[in-house]
Amino acid sequence: MAADAPAALLVSALVHNLADLVSGEAVFALPGPDGLTAAASWPARAAAGARLGADLAEVADLPGVAAVEAVPGGGAVLIAKPGRVTGSDSAALRQTAAWLGLAARLERTRAARDLAARRAAGLDADLAAARERLAQVRDLERRRLVGSITAVTTREFADVRARAGELRSAVDGEVDTAAAARAVEGVRDALDELIDTFRAVVRDVHPAMLPERGPRAALEELAATLPRPVRFTGTFGGRVGWEVESGLYHAAAAVLGLIASGSAPTPVSVDLARADGVLRVVATTARTRRAADLAAALADDTERLTVLGGSLTCAESGGDTVITVLLPERLSPPAAAADTRAVLLEGIRDLLAQGWQSARDEAERARWTAAADRLGRPLRLAVVGAARAPVVGALLGVEVPEAAQPTWYAYGEPGTGAARDGRAIVRLPADALNGLTIVDMPGAPDAALAEALCAPVEDSAPAVDAVLCLSRPLPGFRAALRASPHRVAVLQPNTTLRPRLALVAATLRADEFRALRLGDPMSPGLERVPPTERPTAIAVARGVAEQEPAALAAALATQSGLTALRRTITDDLLNRADLITARRALTAVDTAVRALPADHPLRWSAERLRLEAHDITELDLLDDLDRTTFPTHDDWTALTRLIGAKGPDPRTRLGLPPSTPDDQVHAAATAAADRWRTLAAHPATGPRARHACEIAIRTCEGLGRA
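Residues numbered from 1 in each chain as written. Predicted model: local features only at pLDDT ≥ 70, side-chain atom pairs only at ≥ 80, totals over all residues. Heavy atoms only, no water.

## Comments concerning the packing of aromatic side chains
Tallying each qualifying case throughout the model produces 0 aromatic pairs. The cationic tip of R675 hangs over the ring face of W676; the distance from NZ or CZ to the ring centre is 4.8 Å. (Phe/Tyr/Trp six-rings, centres within 6.5 Å; stacked < 30°, edge-to-face > 60°. Lys NZ or Arg CZ within 6 Å of the ring centre and 35° of its normal.)

What follows is the structure, encoded as structure tokens:
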């Protein structure tokens, strides 16, 4: 029945039944970013969504609450009743908590099934739409080619027929030798023009320079035939797949043919670039036609690009027209890399639920509950070292005071409070806190601070998941972090980070915007900008063409290193959130199962799960690896990329172009495995490097089977 009943109905029935069994009130609460919130109650003690408390201890202290029980997988159920809690009440409470955990697990399973079904339906719809659009593109291309050939037939052939008629007239009757010679020359010229035109049509379909030297060389060859001069800047970098280069070339060629076909003294500027897996062509010319008219003329080319996953846009900027062509360097979407992580997380949830159900006493059950509760909480990032306040403020987008005690910034309605252990808790509705808690941690980055970062908080260790170290760590800091069984990653900001300028960028005021635009370094509006940073800030303001504060703030964020810092946090922490969460939970499970008998089945389950969790092994190696592990920088770079430092996609790991076919990916994985085996067997390879090679070999073997 539980498998067939809707989750909401099952939860409501369980809560109602518990209230009847204990002759009181019952409330089921779920964890959220703001703590435990009511999900169901009977009678209506708490409105759905109402916050009950930050954790189990706070909920247990609420007035009228008689007993609280943790729910496997996250959440809690409480009862309120007059008088004492009997043994039967406690038993009913525990059984209801177990059933609610099952209901939550069923709901997750249903959600995963529904998500997979929706994804499959969406992929089917996308495939059908892509096939239809490809058919449209083929028809468009066929009409374009027919139009080009027809134009040749109706224009150049007409000229050839006219010249042939002149030749016929010159040789009919009495032959005029001079006229006949001129007529022959005319026929020859007309035929040469016809052949050149046919060559142009063929070159447009399949330019000879494109497969040999790439799209830039092919575009330069085309530009040499156009009336207006064309100036090229930038480059696409390495070569990509033929389909991508061909699609990009034809779109750019259509743009140049449209805007550079007339005579004009000013050249057309074409900038080529490649960033974040996307090839870009930006053509800029003095405005002579409306952007809407150009877009209409390029509609067929836009449609072809759209089918390939790209875009073509026309815009007006000042007195110029800017046409932008974008095309991903890989046409097919990358394989999903999160599937193994999802399986790992689900296995950990099952293990936590089994551990909770097999607990022999309240203390043991509390350990399993703490691990389960932490599983669904946001990651915690500690900021340590000099200039913490401006960096924390820059990340949050609001000025914060210097912290004299550990201060936790969490997502929620604005407000402040204090935890039982003395921590200050500040809640803000900041985007940066969506999935992340930022901890302003006073103290020098030494061994003592490292131990505090690894210590338990709210019955769960470590206190934080990663630490952003803004100054050079003192001796013993990294060693203490590595000696702890609880992994804490160290993020090192870019050396060009300018904390106070970053804060100005994130919280730019109107008077600061005006002062930077005026360019007066002594302006009172620049009080927050350090004097040594003012020339840089003014130079940045002068280089921003847009007269909007947002544009200047973005430029200052780039110059100050704030943009790079945000990218580091995203790449090294948030993009690995599921793995970091899983590793933390597995460490808690390892601690909990040590208290179990040697033949307990949970011990075997935990060991099997850890052995199968190669993603976590890679994450551990990334934390441990330093540049001294391998004698050459190339080996270190190749290994960090292989184990996921640049992303989980197999092609990224192997250093291959995104358009590389699957068979070449498998061949590259096999070759990489052989290389790491050779390095591992070399007599000069030390124990740490050999261990890293073994992990790399297993990664390559997995990529070869993918």
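## With respect to the pattern of salt bridges
Here the structure, examined in full by the defined rule, presents 25 salt bridges. In this structure, K81 and D89 form a salt bridge, with 2.7 Å as the shortest nitrogen-oxygen distance. Among the residues examined, K81 registers a relative accessible area of 18% and is labelled buried. Through salt bridges with shared partners, one network takes in E399, R509, E512 and R528. (Salt bridge = Lys/Arg side-chain N within 4 Å of Asp/Glu carboxyl O. Buried < 20%, exposed > 50% of the residue type's maximum accessible area, 1.4 Å probe, protein only.)

## What to know about the sheet that holds strand β9 (residues 311–317)
Backbone hydrogen bonds hold the strands of a sheet together, and the pairing may be parallel or antiparallel. With mixed pairing, 5 strands are arranged side by side in an open sheet as β6-β7-β8-β10-β9. Each edge of the sheet is formed by a strand with only one pairing partner; in this case those strands are β6 (230–234) and β9. Ignoring which end each strand starts from, the neighbouring axes of this sheet average 20° apart. Strand direction decides the pairing type here: β6 and strand β7 (residues 268–275), joined by 5 bridges, are parallel. (Pairing = 2+ DSSP bridges. Helix = DSSP H or I, 4+ residues; strand = E, 2+ residues; numbered from the N terminus. Axes fitted to C-alpha atoms, helices over the stretch in contact; angles between N-to-C directions.)

## Describing the side chain of K81
Mapped onto the elements, K81 comes out in the loop between β5 (76–80) and α3 (87–171). Of the polar contacts made by the side chain of K81, one reaches the backbone oxygen of V22; its length is 3.4 Å. In terms of polar contacts, K81 uses its side chain to reach the side chain of D89, at 2.7 Å. Ignoring sequence-local partners within four residues, the contact set of K81 consists of V22, S23, G24, G64, A66 and D89. (Polar contact = N/O pair within 3.5 Å; in protein donor to acceptor, adjacent residues only side chain to side chain. Contact = heavy atoms within 4.5 Å.)

## Digging into the confidence of the model for the chain
The predicted model of the chain averages 82 in pLDDT, with 88% of residues at 70 or higher. pLDDT under 50 marks residues 332–338. Its contacts with residues more than four places away, or in other chains, come to 5 contacts. (pLDDT = per-residue confidence, 0-100.)

## A word on the packing of helix α12 (residues 388–396) against helix α19 (residues 562–572)
The geometry of α12 relative to α19 is characterised by a closest axis approach of 11 Å and an angle of 75° between their N-to-C directions. Taken together, α12 and α19 sit at an angle that is classed as roughly perpendicular. Between α12, through V391, A394 and L395, and α19, the contact on the second element is made entirely by L562, L565, R566 and I569. Taken together, the residues of the contact of α12 with α19 sort by class into 6 nonpolar, no polar and 1 charged. (Parallel < 35°, antiparallel > 145°, perpendicular 65-115°, else oblique. Nonpolar A, V, L, I, M, F, W, Y, C, P; charged D, E, K, R; others polar.)

## Focus on the sheet that holds strand β2 (residues 35–42)
The antiparallel open sheet is built from 5 strands, whose spatial order is β3-β2-β1-β5-β4. Each edge of the open sheet carries a strand with a single partner, namely β3 (51–53) and β4 (67–70). Between one strand axis and the next, the sheet turns by 35° as a mean value, whatever way the strands run.

## Looking at the pairing of β7
A crossover connection joins β6 to the parallel β7 through helix α7 (residues 242–259); in handedness this β-α-β unit is left-handed. Across 7 bridges, the pairing between β7 and strand β8 (residues 278–286) is antiparallel. Bridging across to β8, V270 finds its partner in A283. Here β7 hands over to β8 after 2 residues, with D276 in that stretch at a positive phi of 55°. (Right-handed = clockwise from strand over helix to strand, strands pointing away.)

## Topic: the environment of L345
Topologically, L345 is positioned in helix α10 (residues 339–357). Residue L345 is classed as buried on the basis of its relative accessible area, which comes to 14%. For the pair L345 and A613, spaced 268 residues apart in sequence, the C-alpha to C-alpha distance is 10.0 Å. Not counting residues within four places of it along the chain, the set of residues in contact with L345 comprises L375, D578 and A582.

## Describing the nonpolar core
Counting 90 residues, the largest nonpolar core has I348, W368, Y409, I438 and L573 as the members making the most contacts within it. Filtering out sequence-adjacent residues up to four positions away, W368 remains in contact with L351, L352, G355, W356, A359, V589, A592, V593 and L602. Within the second largest apolar cluster, 35 residues are counted, among which are L210, V255, A260 and A291. (Core = buried A, V, L, I, M, F, W, Y, C linked by side-chain atoms within 4.5 Å.)

## Concerning helix α17 (residues 534–542)
Taken as a whole, α17 has its buried residues at R534, A537, I538, V540 and A541. Angular distribution of buried residues about the axis of α17 spans 160°; they occupy a single face of the element. Relative to its buried face, α17 has exposed residues pointing more than 90 degrees away, namely P535 and R542. Looking at the buried residues of α17, the elements they touch are α15 (499–506), α16 (510–518) and α18 (549–560). (Arc of directions from axis to C-beta.)

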